[in-house]
Amino acid sequence: MHMGRTTKNTLISFFSHIFEHFENAIFTFTGVFVAAYFFPTNSESFIGQYGIFLAISIGLVVSPVGAFFFSWIGDKYGRKPALTIAYTVAVVPTIVIPFIPNYESIGLLSSTILIICRLFQSFSSGGAFTGRIVFLTETH
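## A few points about the packing of helix H1 (residues 5-29) against helix H6 (residues 108-139)
(1) Moving on: Packing of H1 against H6 brings their axes to within 11 Å, and their N-to-C directions diverge by 155°. The pairing of H1 with H6 is recorded here as roughly antiparallel in orientation. Our pair here, H1 against H6, has a crossing hand that is left-handed. Every residue of H6 that contacts H1 at Arg5, Thr6, Asn9, Thr10, Ser13, Ser16, His17, Glu20, Glu23, Asn24 and Phe27 is listed here: Leu114, Arg118, Gln121, Ser125, Ala128, Phe129, Arg132, Phe135, Leu136 and Thr139.
(2) Moving on: For the contact of H1 with H6, the per-class residue count stands at six nonpolar, 10 polar and five charged.

And the structure:
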(Lines give C-alpha, C1' and ligand atoms only; values in the text may rest on other atoms or scores of the structure.)
Protein backbone atom coordinates (compact mmCIF):
# COMPACT_ATOMS: atom_id res chain seq x y z
CA MET A 1 0.00 0.00 0.00
CA HIS A 2 1.42 3.37 -1.03
CA MET A 3 1.18 6.15 1.52
CA GLY A 4 0.42 9.59 0.17
CA ARG A 5 2.57 12.60 0.97
CA THR A 6 -0.12 14.22 3.12
CA THR A 7 -0.63 11.04 5.15
CA LYS A 8 3.12 10.61 5.60
CA ASN A 9 3.57 14.22 6.79
CA THR A 10 0.64 13.88 9.17
CA LEU A 11 1.97 10.65 10.69
CA ILE A 12 5.49 12.05 11.09
CA SER A 13 4.09 15.16 12.78
CA PHE A 14 1.81 13.12 14.99
CA PHE A 15 4.51 10.76 16.25
CA SER A 16 7.04 13.54 16.77
CA HIS A 17 4.45 15.43 18.82
CA ILE A 18 3.69 12.33 20.90
CA PHE A 19 7.39 11.64 21.53
CA GLU A 20 8.11 15.26 22.44
CA HIS A 21 5.31 15.48 24.99
CA PHE A 22 5.92 11.98 26.33
CA GLU A 23 9.50 13.03 27.07
CA ASN A 24 8.34 16.19 28.85
CA ALA A 25 5.73 14.27 30.83
CA ILE A 26 8.24 11.64 31.95
CA PHE A 27 10.67 14.35 33.04
CA THR A 28 7.95 16.17 34.97
CA PHE A 29 6.49 13.08 36.66
CA THR A 30 9.92 11.83 37.70
CA GLY A 31 10.91 15.24 39.07
CA VAL A 32 11.45 13.92 42.58
CA PHE A 33 14.01 11.39 41.36
CA VAL A 34 15.62 13.87 38.99
CA ALA A 35 15.94 16.39 41.81
CA ALA A 36 17.70 13.88 44.04
CA TYR A 37 20.16 13.05 41.26
CA PHE A 38 20.99 16.47 39.79
CA PHE A 39 20.47 18.87 42.70
CA PRO A 40 21.77 19.19 46.25
CA THR A 41 19.65 17.43 48.83
CA ASN A 42 20.10 19.92 51.67
CA SER A 43 16.97 21.97 52.19
CA GLU A 44 18.86 25.17 52.97
CA SER A 45 20.13 25.59 49.43
CA PHE A 46 17.98 27.59 47.00
CA ILE A 47 19.00 25.37 44.07
CA GLY A 48 18.28 22.30 46.19
CA GLN A 49 14.75 23.46 46.94
CA TYR A 50 13.78 25.04 43.65
CA GLY A 51 16.19 23.69 41.04
CA ILE A 52 13.90 21.00 39.72
CA PHE A 53 11.05 23.48 39.42
CA LEU A 54 13.33 25.74 37.41
CA ALA A 55 14.36 22.86 35.15
CA ILE A 56 10.73 21.88 34.52
CA SER A 57 9.20 25.35 34.18
CA ILE A 58 11.93 26.87 32.02
CA GLY A 59 9.90 25.62 29.07
CA LEU A 60 7.05 27.97 29.84
CA VAL A 61 9.37 30.92 29.36
CA VAL A 62 11.59 29.71 26.54
CA SER A 63 9.09 27.81 24.37
CA PRO A 64 7.39 30.95 22.95
CA VAL A 65 10.82 32.40 22.12
CA GLY A 66 11.64 29.21 20.22
CA ALA A 67 8.31 29.42 18.39
CA PHE A 68 9.09 32.96 17.30
CA PHE A 69 12.66 32.09 16.25
CA PHE A 70 11.78 28.95 14.28
CA SER A 71 8.78 30.67 12.69
CA TRP A 72 11.19 33.28 11.37
CA ILE A 73 13.47 30.53 10.02
CA GLY A 74 10.44 28.83 8.47
CA ASP A 75 9.32 32.03 6.77
CA LYS A 76 12.79 32.82 5.47
CA TYR A 77 14.16 29.37 4.55
CA GLY A 78 11.16 27.04 4.47
CA ARG A 79 9.28 24.84 6.92
CA LYS A 80 11.31 21.71 6.34
CA PRO A 81 14.70 23.27 7.29
CA ALA A 82 13.08 24.94 10.32
CA LEU A 83 11.65 21.64 11.54
CA THR A 84 14.89 19.78 10.85
CA ILE A 85 16.88 22.29 12.89
CA ALA A 86 14.28 22.32 15.69
CA TYR A 87 14.29 18.52 15.94
CA THR A 88 18.09 18.41 15.91
CA VAL A 89 18.27 21.02 18.67
CA ALA A 90 15.84 18.87 20.70
CA VAL A 91 17.58 15.55 20.13
CA VAL A 92 21.07 16.59 21.26
CA PRO A 93 20.08 17.49 24.86
CA THR A 94 17.87 14.40 25.01
CA ILE A 95 20.94 12.29 24.30
CA VAL A 96 23.16 14.30 26.68
CA ILE A 97 20.88 14.25 29.78
CA PRO A 98 21.33 10.54 30.63
CA PHE A 99 25.11 10.97 30.56
CA ILE A 100 25.29 13.93 32.95
CA PRO A 101 27.07 12.88 36.16
CA ASN A 102 25.12 13.31 39.39
CA TYR A 103 25.39 16.24 41.82
CA GLU A 104 27.65 14.32 44.18
CA SER A 105 30.20 13.79 41.37
CA ILE A 106 30.49 17.24 39.81
CA GLY A 107 28.43 19.48 42.05
CA LEU A 108 26.58 22.49 40.71
CA LEU A 109 27.83 21.79 37.18
CA SER A 110 25.42 18.84 37.07
CA SER A 111 22.46 21.10 37.86
CA THR A 112 23.66 23.73 35.38
CA ILE A 113 24.08 21.25 32.51
CA LEU A 114 20.61 19.82 33.16
CA ILE A 115 18.99 23.27 33.14
CA ILE A 116 20.84 24.21 29.93
CA CYS A 117 19.71 20.98 28.28
CA ARG A 118 16.12 21.63 29.31
CA LEU A 119 16.45 25.18 28.02
CA PHE A 120 17.41 23.93 24.56
CA GLN A 121 14.71 21.24 24.61
CA SER A 122 12.04 23.79 25.46
CA PHE A 123 13.35 26.29 22.92
CA SER A 124 13.18 23.72 20.14
CA SER A 125 9.87 22.34 21.38
CA GLY A 126 8.18 25.70 20.80
CA GLY A 127 9.63 25.88 17.31
CA ALA A 128 8.75 22.30 16.43
CA PHE A 129 5.17 22.62 17.67
CA THR A 130 4.35 25.73 15.66
CA GLY A 131 6.38 24.47 12.71
CA ARG A 132 4.39 21.23 12.60
CA ILE A 133 1.08 23.04 12.61
CA VAL A 134 2.07 25.43 9.83
CA PHE A 135 3.79 22.65 7.82
CA LEU A 136 0.67 20.47 7.93
CA THR A 137 -1.56 23.39 7.06
CA GLU A 138 0.58 24.34 4.09
CA THR A 139 0.91 20.76 2.75
CA HIS A 140 -2.81 19.89 2.87
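Okay, back to it.
## Re the packing of aromatic side chains
(1) Moving on: Across all of its chains, the model carries seven aromatic pairs by this definition.
(2) Moving on: Judged by centre distance (4.8 Å) and plane angle (80°), the ring pair of Tyr37 and Phe38 falls under edge-to-face.
(3) Moving on: For Tyr37, a relative accessible area of 36% gives the class partly exposed.
(4) Moving on: Residues Phe70 and Phe123 carry aromatic rings whose centres are separated by 5.4 Å and whose planes lie at 55° to one another, so their mutual orientation is tilted. Of this pair, Phe70 sits in helix H3 (residues 46-77) while Phe123 sits in helix H6; the two residues are 53 residues apart in sequence, bridging distant segments of the chain. Residues Phe70 and Phe123 agree in their burial class; the two are buried.

## Considerations on a nonpolar patch on the surface
(1) Moving on: On the surface, Leu11, Phe14, Phe15 and Ile18 cluster together into a nonpolar patch covering about 390 Å² of accessible area.
(2) Moving on: Tracing the backbone through its elements, the reader meets Ile18 in helix H1.

## Some thoughts on the side chain of Ser124
(1) Moving on: Inspection of the secondary structure puts Ser124 in helix H6.
(2) Moving on: Not counting residues up to four positions away in its chain, the partners in contact with Ser124 are Phe70, Ala86, Val89 and Ala90.

## Looking at the pattern of salt bridges
If charged atoms from side chains of opposite charge come close, those side chains can pair.
(1) Moving on: Under the defined criterion, the tally for this structure stands at one salt bridge.
(2) Moving on: One salt bridge connects Arg79 with Asp75, and the closest N-O pair in it is separated by 2.7 Å.
(3) Moving on: The class for Arg79 is buried, based on a relative accessible area of 16%.

## Some remarks on the layout of surface pockets
(1) Moving on: Of the volumes computed, that of the largest pocket is approximately 260 Å³.
(2) Moving on: As for the largest pocket, its lining consists of Arg5, Lys8, Asn9, Ile12, Ser13, Ser16, Lys80, Leu83, Thr84, Tyr87 and Phe135.
(3) Moving on: Sorting the residues of the lining of the largest pocket by element identifies H1 and helix H4 (79-96) as the ones contributing at least two each.
(4) Moving on: No other element matches the six residues that H1 contributes to the lining of the largest pocket.
(5) Moving on: Its residues assigned to classes, the lining of the largest pocket comprises four nonpolar, four polar and three charged.

## Focus: the packing of H3 against H6
(1) Moving on: Across the interface, H3 lies against H6 with an axial gap of 6 Å and an inter-helix angle of 30°. Compared by their axis directions, H3 and H6 come out roughly parallel. Note on packing geometry: the crossing formed by H3 with H6 is right-handed.
(2) Moving on: Taken together, the residues that form the contact of H3 with H6 break down as 15 nonpolar, 12 polar and one charged.

Thresholds, definitions, all that
- Residues numbered from 1 in each chain as written.
- Predicted model: local features only at pLDDT ≥ 70, side-chain atom pairs only at ≥ 80, totals over all residues.
- Heavy atoms only, no water.
- Axes fitted to C-alpha atoms, helices over the stretch in contact; angles between N-to-C directions.
- Helix = DSSP H or I, 4+ residues; strand = E, 2+ residues; numbered from the N terminus.
- Parallel < 35°, antiparallel > 145°, perpendicular 65-115°, else oblique.
- Left-handed = near helix turned anticlockwise from the far one by under 90°.
- Contact = heavy atoms within 4.5 Å.
- Nonpolar A, V, L, I, M, F, W, Y, C, P; charged D, E, K, R; others polar.
- Phe/Tyr/Trp six-rings, centres within 6.5 Å; stacked < 30°, edge-to-face > 60°.
- Buried < 20%, exposed > 50% of the residue type's maximum accessible area, 1.4 Å probe, protein only.
- Patch = residues over 30% accessible without salt bridge, like charges linked within 9 Å, V, L, I, M, F, W, Y side chains within 5 Å.
- Areas by Shrake-Rupley, 256 points an atom, 1.4 Å probe, with all protein chains shown as cover.
- Salt bridge = Lys/Arg side-chain N within 4 Å of Asp/Glu carboxyl O.
- 1 Å grid on protein atoms, 1.4 Å probe; cavity = no way out; pocket = protein on both sides within 12 Å on 5 of 7 lines; lining within 4 Å.
- Points joined across faces, edges and corners; volume = space filled by probe spheres on them.

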